Amino acid sequence: MSESLREIEELTEATYEYGFSTDLDTDIAPPGLTEDTVRLISAKKDEPEWLLEWRLKAYEAWKTMEEPDWAKLQIQPIDYQALSYWAAPKQKPVLDSLDDVDPDIRDMFDKLGIPLHEQKMLSNVAVDAIVDSVSVTTTFKETLAEAGVIFCSFSEAVHDHPEIVREHLGSVVPVRDNFFAALNSAVFSDGSFCYIPKGVRCPMELSTYFRINSQNTGQFERTLIIAEDDSHVSYLEGCTAPQRDENQLHAAVVELVAKDRSEIKYSTVQNWYPGDENGVGGIYNFVTKRGRAHTDAKISWTQVETGSAITWKYPSVILQGDRSVGEFYSVALSSKRQQADTGTKMIHIGADTTSSIISKGISAGHGQNTYRGLVKVMRSAENARNYTQCDSLLLGSDCGAHTIPYIEVKNPGAQVEHEASTSTVGEDQLYYCRQRGMSEEDAMAMIVNGFCRDVFDELPMEFAVEAQRLLSVSLEGSVG
Amino acid sequence: MNSTATAAAPELPTKRDEAWRYAPHADLAQLTFGPGGASAAVPAELEAQIPVFDGPRIVVVNGIVDPARSELATSITGLTLSTVADVLTTEPESLTRHFPTDAEPVDAFAAFNAQFGRDGAVIRVAAGATIDQPIHVVDLALPGAGHNTSSTGVVIEIGEGSEATIVETRLGHGTESGGANVRTTITLHDHATLEHIVVQDAPPAQISLSRVDVTQGANSTFRGRSFNLGASYGRVAHAVVLAGAGAHAELSGLYFGFGDQTLDQQVDIVHAAKDCSSRQLYRGVLDDSSTGIFSGGIDVQPGADGTDAEQENHNLLLSDRAEANTQPRLEILADDVACKHGATVGQLDETALYYMRSRGIPAAEARRLLINGFADQVVDHVSIDALRPWIIDRLGHADA
Amino acid sequence: MLHVKDLTAAIGDKQILKGLDLDVGAGEVHAIMGPNGSGKSTFAHTLAGREGYEITGTVTLDDADLLEMEPEARAAAGVFMGFQYPVEIPGVNNMYFLRTALNSVRRTRGETEVSAREFLSTAQEAMDLVEMPKDFLHRAVNAGFSGGEKKRNEILQMAVMQPRLAVLDETDSGLDIDALRIIAGGVNALRGPERSMIVITHYQRLLDYIKPDFVHVLVDGRIVESGDHTLALHLEDHGYADFVNHDLDASGRPLSGATS
């Protein structure tokens, strides 16, 4: 056992390959958060008065709130006055053509494997590239416009479609929802906006790549996706950050509105810088993601969380309409000194609502992985169904796996099932694979990927390949 | 009884305390604590409710052992029965696990118990003894007449290689609010085996709080059964530490709520040594506006390799006003472990009901059969033949 | 081809193999029989390279020292072990597993990797050989397989891997007669002048289907008797009683005679 433990430790000490930083000319606000900071951000973005009011209301709320302390996290105190709340590459943020994209930014995205050049673009995936909270370009805009789909940066949406933004902003995640949501609401800089009109099936995958580049800045994006009746959209989100010695805060808010009979599929591959093996540096990823599903609508969250020093994230679905469906598929890997506290909330309000939760937690090195979830069946939710499966895999003896589900049922017609297991990669499994000629490293990667299969199957093809590779890289190292 | 409350009353738990998340905090705040009340007259009606089976019996009324109803002198070899009050006088140092001086009480109610629970039962089994007859500790709560909530202590120590069966029955009487706060401390030495049954059925006006702390030596076996059948708020908490290698704990519980009852089960099993195993099987049946709570933890500490732990919680909701909250927790800090848990909330199987009715069984009878079948899977664990029918008879009955 | 000399294996204080000698020539099929606990499976695992044994002695395959090699290097050298208890790997499908295995071995040997198309046709032949249903390739490795399916999967993998030396550990255990026939058919089809096999079994039954060139009796960590297939028939009639619980004479041969 001990020998393979050592090997596992070596396997899990792979280095972060997106740790480079790009020297961009950046416009950064001085550190600190006051009402003036909020006004400055709003002014920089040339926002309408109602949005400034909304931000100020959030700021006032935030001042009265306390950081949550219930998550199972060892966290360095965050000095909110030492952070800068505005950083943007010095360039016109909205571009008419990809040729206008700053070559340095283009190179950065090339390095990340996300080509922004038209000729190299991923076929059938529209990309919104966001650097330090500001959208630098959005591809395939015209194709999408033909279908009536609006896919642009949040700032553009505020100017071009204020009525849609105003109607839905904060409708799923109210400003007072939690400490980080309130903070985001006050200072959010940019993000993605999608609007799928009635009856439209979005002709391609929509995708946003987030990149934190600047130092000492918090990143606060805001994403809003609205699917009108009978529409369908699949949205992908990827994230990376440079390797820096201090912790950086990322507090995003994502709101999904799935109207009658619509479907939103939201996939995330999160690979923020996790910090080094001693726990120095890395992103604090404190994110609020929630969707509201109306009658016969479906919201599906799929996430692969391999990065960040700390992840605090519970993508949730309010199953408001009758027969609405919520899904949550998650793979979370914590190695080195990473801590992941993640899960979902499924709030059943409508009748005949269904939710399913598949969570796969992998702990390695000194990583701590917690599944925390809530399944709540309200009195009105006749005949609600939930199935939850939480599996944990422990690789090594210094890591931890925790499963903390809350199940609250107020309707006797509900059927709620929760299953969980904890296991390790079996010596016999490794031996079997090696007897068939595979190296220990390949065998380990294969078994761990197999453990995550149910979740990877939910990802769009390109992302599934990316996720598998990421997982293998995160577990990679030198096997003697 | 404000006169007996202490100056610096401990702070009551709130909604933010995980272990008390779903408890009725306003009701708990109404309880007052003080020294054991003068032994009130036990009504015949209550006396008649006490389950009867062969074996020595100790009866505690309002926190004070009632000598007339108790048989402390026993001829069973290896068994010593005494009262907490007596042992506190003769050899208080032998009760340091029950009244620890070096650790803070886990919550306010443990603090009240440590302060006021100065009487109760002390059961000691010498090494190498097998006690054939079950030992019965009966705790009766009779609030009123200047007494609100009683505090009782039960101390159990099972010597190396010994075996015993102990039943703790908690009953109450009357329509006055108040209740009982009983704390049990169990020590199992190496290779010892104990079946420990808590049967808790207080009247709808009362609150019943039980906490059982168990420490297990190497290769010992603890079989804990709890039957939480009545009280406005009935709580049975088990904290088991598997301290010696190869120890085994098996906990099962049935909670059967009706009316406005809230029945709360809190289980925490700590795997602190290698090669220990634990099982938790809890079942809840919830009718009317009752609420059932199960919070069960498996806590595997670093180095506790070879851990084998399983946990199951199943709930039946019989009414559209009933509520079930379940929280099956796993906390794993070792890697050579096999842990799993499962929880379900559902209702009676309509197909089975239909099937039985189509065979001529009336609907109400069919329901009863299905519910009892569900509950039997816990009741069957009880080894005392005379106790099983008593429990089944009490399911869903309000006695006052 | 395979030379085993004075092989011992122990787990902690427990000595399991106590000086085992065996020579297997190219194209030969050797059966190793013995009572439970005699060390048959341990012998198979020392050839395949399972960790956890303390081993002395020498084992060479085509003059290469097997004992120095990691399990995967032995696989590349041509050792295939049919497991008595094939391992379940949830979420990893058979096709992916087997192709990864095959290409790992080919890479180590400096051979080109097989394409998905080439692999599929190889796999299809192997599936036909052991009468595996079509959906097999897309199911997870051994997960939810019946006992018979797991054993058929082992032979299927052997057919794809085309080993130099196949070690089949109790491949017949837990099989009904039809499954046994299919498996034996598969094994026989894979016999060849360049492929040697060691068939480990508790019962003679399998040897009715797979005719061995040599039969060895393993008792208490040593080969105590060797002969042709008639030795297996003798064991069928007399059991292992002749070989166990008897003092051995100075030459290490059992007192009661067995044909040889």
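Quantities reported herein were computed from a predicted structural model and do not represent experimental measurements. (Residues numbered from 1 in each chain as written. Chains lettered and ligands numbered in written order. Predicted model: local features only at pLDDT ≥ 70, side-chain atom pairs only at ≥ 80, totals over all residues. Heavy atoms only, no water.)

Looking only at helices and strands, chain C has eight helices and 12 strands in total. For a compact globule of 260 residues, the expected C-alpha radius of gyration is about 18 Å, and chain C comes in at 18 Å, within 12% of that figure. Each principal axis of the C-alpha distribution contributes one length, and for chain C these read about 60 × 40 × 35 Å. Counting only residues that meet the buried cut, chain C has 53% of its 260 residues in that class. The long-range share in chain C, meaning contacts at least 24 apart out of those at least 6 apart in sequence, stands at 67%. A total of about 11200 Å² of accessible surface is found on chain C, and carbon and sulfur atoms cover 49% of it. The positive charge centre, built from 24 side chains, and the negative charge centre, built from 39, are 5 Å apart in chain C. (Helix = DSSP H or I, 4+ residues; strand = E, 2+ residues; numbered from the N terminus. Rg over C-alpha atoms; globule rule 2.2 N^0.38 Å. Buried < 20%, exposed > 50% of the residue type's maximum accessible area, 1.4 Å probe, protein only. Contact = heavy atoms within 4.5 Å. Areas by Shrake-Rupley, 256 points an atom, 1.4 Å probe, with all protein chains shown as cover. Lys, Arg positive; Asp, Glu negative; His and termini not counted. Charge placed at Lys NZ, Arg CZ, Asp CG, Glu CD.)

Let us now look at the sheet that holds strand S1 (residues 2–11) of chain C. Residues and elements named next belong to chain C. The strand order across the open sheet formed by four strands is S2-S1-S4-S5, and the pairing between neighbours is antiparallel. With one partner strand each, in any of the chains shown, strand S2 (14–24) and strand S5 (64–65) form the two edges of the open sheet. Where S1 meets strand S4 (residues 54–61), seven bridges bridge the pair, whose relative direction is antiparallel. Residue pairing across strands places Thr8 opposite Thr56, the latter belonging to S4. (Pairing = 2+ DSSP bridges.)

The subject of this paragraph is the environment of C:Asp220. Residue and element names in this part refer to chain C. Structurally, Asp220 is set in the loop between strand S11 (214–219) and strand S12 (222–227). With a relative accessible area of 43%, Asp220 lands in the partly exposed category. Measuring from C-alpha to C-alpha, the distance between Asp220 and Gly239 comes to 15 Å, with 19 residues separating the pair along the chain. Not counting the four nearest positions on each side in its chain, Asp220 is found in contact with Ile16, Lys18 and Ser38. In terms of polar contacts, Asp220 uses its side chain to reach the side chain of Lys18, at 2.9 Å. (Polar contact = N/O pair within 3.5 Å; in protein donor to acceptor, adjacent residues only side chain to side chain.)

A separate point is the packing of helix H5 (residues 350–358) of chain B against helix H6 (residues 363–379) of chain B. All names here are of chain B. Relative to each other, H5 and H6 sit at 130 degrees, their axes nearing to 9 Å. The pairing of H5 with H6 is recorded here as oblique in orientation. Classified by chirality, the crossing of H6 by H5 is right-handed. When H5 is examined against H6, the residues Ala352, Leu353, Met356 and Arg357 are found in contact with a partner set consisting of Ala363, Ala366, Arg367, Leu369 and Leu370. Counted by class, the contact of H5 with H6 contains seven nonpolar, no polar and two charged residues. (Axes fitted to C-alpha atoms, helices over the stretch in contact; angles between N-to-C directions. Parallel < 35°, antiparallel > 145°, perpendicular 65-115°, else oblique. Left-handed = near helix turned anticlockwise from the far one by under 90°. Nonpolar A, V, L, I, M, F, W, Y, C, P; charged D, E, K, R; others polar.)

Attention now moves to the sheet that holds S12(C). Residue and element names in this part refer to chain C. A sheet is described by the order of its strands in space; here six strands give the open sequence S6-S9-S10-S3-S11-S12, paired in mixed fashion. Edge positions in the sheet fall to strand S6 (79–82) and S12, since each has one partner strand and no second. Here the strands of the sheet are splayed against their neighbours by 20 degrees on average, with no regard to which way each runs. Bridge analysis of S6 against strand S9 (residues 165–169) gives four bridges, and the strand direction is parallel. Directly across from Met81, in S9, lies its bridge partner Val167. Sheet strands touched by helix H5 (residues 147–161): S6, S9 and strand S10 (196–201). Its angle to S6, the strand with the most contacts, is close to 170 degrees.

Listed by partner, the interface residues are 32 residues for chain C and 18 residues for chain A. For the pairing of chain C and chain A, the buried interface totals around 2200 Å² over both sides, and the portion due to carbon and sulfur atoms is 59%. The closest approach of N and O atoms between C:Arg107 and A:Asp442, which form a salt bridge, is 3.8 Å. By residue number, the principal contributor to the side of chain C that touches chain A is helix H3 (residues 94–108) of chain C, which donates seven residues. (Buried area = accessible area lost by both parts, 1.4 Å probe. Salt bridge = Lys/Arg side-chain N within 4 Å of Asp/Glu carboxyl O.)

Residues and elements named next belong to chain C. Mean pLDDT over chain C: 87, with 93% of residues reaching 70 or higher. Ignoring residues within four places in sequence, the model shows residues 247–260, a span with pLDDT below 50, making 23 contacts including any to other chains. Taken over the whole predicted complex, pTM reads 0.82, whereas the ipTM for its chain interfaces reads 0.82. (pLDDT = per-residue confidence, 0-100.)

Turning next to the nonpolar core. Counting 114 residues, the largest nonpolar core has A:Ile362, C:Phe43 and C:Ile198 as the members making the most contacts within it. Setting aside residues up to four positions removed in sequence, A:Ile362 forms contacts with A:Val331, A:Ala332, A:Leu333, A:Ser334, A:Asn369, A:Leu393, A:Leu395, A:Val448, A:Phe451, A:Cys452 and A:Leu471. With 97 residues, the next largest nonpolar core counts A:Val149, A:Val409, B:Ile158 and B:Leu286 among its residues. (Core = buried A, V, L, I, M, F, W, Y, C linked by side-chain atoms within 4.5 Å.)

For the rest of this paragraph, the subject is the pairing of strand S16 (residues 291–300) of chain B. Residue and element names in this part refer to chain B. Counting buried positions over the 10 residues of S16 gives nine, a clear majority of the element. Pairing analysis gives 10 bridges linking strand S14 (residues 262–271) to S16, with the strands arranged parallel. Following the sheet pairing, Val270 is matched in S16 by Asp299. Two strands pair when backbone bridges link them, and S16 and strand S18 (residues 323–332) are joined in this way by 10 bridges, in the parallel orientation. Bridge assignment links Gly297 to a residue of S18, and that residue is Arg329.

What follows concerns unusual backbone geometry. Residue and element names in this part refer to chain A. Although it is not a glycine, Asp352 adopts a positive phi angle of roughly 55 degrees. Locating Asp352 in the fold gives a position in the loop between strand S19 (345–348) and strand S20 (354–364). According to the relative accessible area criterion, Asp352 is partly exposed, its value standing at 33%. The backbone of Asn383 shows a phi angle near 60 degrees, a positive value even though the residue is not glycine. Counting through the fold element by element, Asn383 comes out in the loop between strand S21 (368–377) and strand S22 (385–395). A relative accessible area of 32% means that Asn383 is categorised as partly exposed.

Moving on to the interface of chain A and chain B. One frequently used descriptor of interface size is the decrease in accessible area upon assembly of the parts. Taken residue by residue, the interface counts 35 residues in chain A and 33 residues in chain B. Both sides of the chain A and chain B interface together cover about 2700 Å² of buried area, and 46% of this is carbon and sulfur. The tally of links from chain A across to chain B stands at three salt bridges. For A:Lys410, the salt bridge goes to B:Glu323, with nearest N and O atoms at 3.3 Å. Between chain A and chain B we count 14 residue pairs in polar contact (both at pLDDT 80 or more) in total. Those elements that place two or more of their residues in the side of chain A that touches chain B are strand S23 (400–409) and strand S24 (415–424) of chain A.

Here the focus is the pattern of salt bridges. Under the counting rule described, the total for this entry stands at 53 salt bridges over all chains. Measuring nitrogen to oxygen at the nearest pair gives 2.2 Å for the salt bridge that ties A:Arg434 to C:Glu70. Of the two residues, A:Arg434 sits in helix H9 (residues 427–435) while C:Glu70 sits in the loop between S5 and helix H2 (71–77), which places them in two different chains. Between C:Arg164 and C:Glu194 there is a salt bridge, with its nearest N and O atoms 3.1 Å apart. Residue C:Arg164 is found in the loop between H5 and S9, and its partner C:Glu194 is found in the loop between helix H6 (177–189) and S10; the two are separated by 30 residues along the sequence.

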